[in-house]
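Residues per chain are reported as follows:
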Amino acid sequence: MNLMLKNETMEYPKVSVLILSYNGKHLLEDSVSTYLANDYPNFDVVIIDNGSIDGTKEYIGQNFPEAKLIRLDVNRGYSGGFNFGCDYAFNQNGAEYVVITNNDVKVDNQLIKELVKVAETDPMIGFVTGKVYYYDQPDTLQTVGKYEHPVYWNGYHIGSKEQDKGQYDEVAERYFADDIFTLVSKKMYNEIGAYDENFRFQSEEYDWQARAKAKGYRIYYTPHAKIWHKESMTIG
């Protein structure tokens, strides 16, 4: 699919950006505003309020009325919160893809478009991610995917703490990837399901990706999707 062929919104698969937040109202300005500024013509931004008691619902309503907010009354953890969001996006909101993303980020305005461009090249691409930089070191990489590890299987971050000099500027398949941000396809979700909620805060993406890979789905990286991450602002 050539995303540049037509201007009609319906020619672009719908994307729901899912931002999970637990008492993270102070982090939402950067993440929500920069996702809303993306130039992709068929997307929405959905904040998953994971049992917050800090006024997140009121803050979004007052400051970002164009965004949607869905709320859990009880914190279901990282995996449970995103599962709630995926169910809403895919089964009620008409999304063909979701972007799972942290709340402690700011993003480039081409991010959604670039993720979708890669995903649309092959229906067996289940996940697409990109460049993650440190928020306070904006030219230093945090991760561009993960290596395979001979013992642990889920390996170390590729590019960690390296200055970006173009050394990871090719679209490429990855063995695993962090889910600071990742595009997820509905096709893969319908076959594999979502996160295993036994993994409440850590290793949830590794398990999900391993299950998808066992069914033939692949993980891709594009250098053209960029995000700046404040790192562990919720769990410390």
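Just above sits the structure.
First, a word on what this report is: a plain description of the structure on this page. (Residues numbered from 1 in each chain as written. Predicted model: local features only at pLDDT ≥ 70, side-chain atom pairs only at ≥ 80, totals over all residues. Heavy atoms only, no water.)

### Observations regarding the overall build of the protein
Piece 1. Helix and strand counts for the protein stand at six helices and twelve strands.
Piece 2. A compact globule built from 236 residues should have a C-alpha radius of gyration of about 18 Å, and the protein, at 17 Å, falls within 12% of that.
Piece 3. Projected onto its principal axes, the C-alpha coordinates of the protein cover approximately 45 × 45 × 35 Å.
Piece 4. Per-residue burial over the protein gives 53% buried out of 236 residues.
Piece 5. The contacts in the protein between residues at least 6 apart in sequence include a share of 72% that link residues at least 24 apart.
Piece 6. Here the protein displays about 10,700 Å² of accessible surface, and carbon together with sulfur accounts for 48% of that area.
Piece 7. Of the side-chain charges in the protein, 24 are positive and 35 negative, and the distance between the mean point of each set is 2 Å. (Helix = DSSP H or I, 4+ residues; strand = E, 2+ residues; numbered from the N terminus. Rg over C-alpha atoms; globule rule 2.2 N^0.38 Å. Buried < 20%, exposed > 50% of the residue type's maximum accessible area, 1.4 Å probe, protein only. Contact = heavy atoms within 4.5 Å. Areas by Shrake-Rupley, 256 points an atom, 1.4 Å probe, with all protein chains shown as cover. Lys, Arg positive; Asp, Glu negative; His and termini not counted. Charge placed at Lys NZ, Arg CZ, Asp CG, Glu CD.)

### A short note on helix α2 (residues 56–63)
Piece 1. If you check which residues of α2 are buried, you get T56, Y59 and I60. All buried residues of α2 lie within an arc of 95° about the axis, which places them on one face of the element.
Piece 2. Here the buried face of α2 lies against α1 (28–36), β2 (43–50) and β3 (68–72). (Arc of directions from axis to C-beta.)

### Topic: unusual backbone geometry
Piece 1. One non-glycine residue, N23, lies in the positive phi region at around 50°.
Piece 2. Take N23: it is sitting in the loop between β1 (15–21) and α1.
Piece 3. For N23, a relative accessible area of 24% puts it in the partly exposed group.
Piece 4. Positive phi is not limited to glycine here, since K161 has a value of about 65°.
Piece 5. One can find K161 in the loop between β9 (153–157) and β10 (172–174).
Piece 6. On the accessibility criterion, K161 (62% relative accessible area) is exposed.

### A few points about the pattern of salt bridges
Piece 1. Under the counting rule described, the total for this entry stands at twelve salt bridges.
Piece 2. Residue K230 is joined to D30 by a salt bridge in which the shortest nitrogen-to-oxygen separation is 3.2 Å. Placement of the pair is K230 in the segment after β12 (218–229) and D30 in helix α1, with a sequence separation of 200 residues.
Piece 3. With relative accessibility at 23%, the residue K230 sits in the partly exposed group.
Piece 4. Judged by relative accessible area, which is 23%, D30 ranks as partly exposed.
Piece 5. For R218, the salt bridge identified is with E173, shortest N-O distance 3.8 Å. (Salt bridge = Lys/Arg side-chain N within 4 Å of Asp/Glu carboxyl O.)

### What about the packing of aromatic side chains?
What characterises a pair of aromatic rings is the spacing of the ring centres plus the angle enclosed by the ring planes.
Piece 1. Scanning the entire structure with this criterion turns up eleven aromatic pairs.
Piece 2. Their ring planes at 70° and their centres at 4.9 Å tell us that Y78 and F82 sit as a pair that is edge-to-face. Taken as a pair, Y78 and F82 lie in helix α3 (residues 77–91) at a separation of four residues, close to a single helical turn. The same class applies to Y78 and to F82, which are both buried.
Piece 3. Joined through ring pairs, the aromatic side chains of Y78, F82, F127, Y195 and W208 make up one cluster.
Piece 4. Positioned above the aromatic ring of Y135 is the side chain of K230, whose terminal nitrogen or guanidinium carbon lies 4.7 Å from the ring centre. (Phe/Tyr/Trp six-rings, centres within 6.5 Å; stacked < 30°, edge-to-face > 60°. Lys NZ or Arg CZ within 6 Å of the ring centre and 35° of its normal.)

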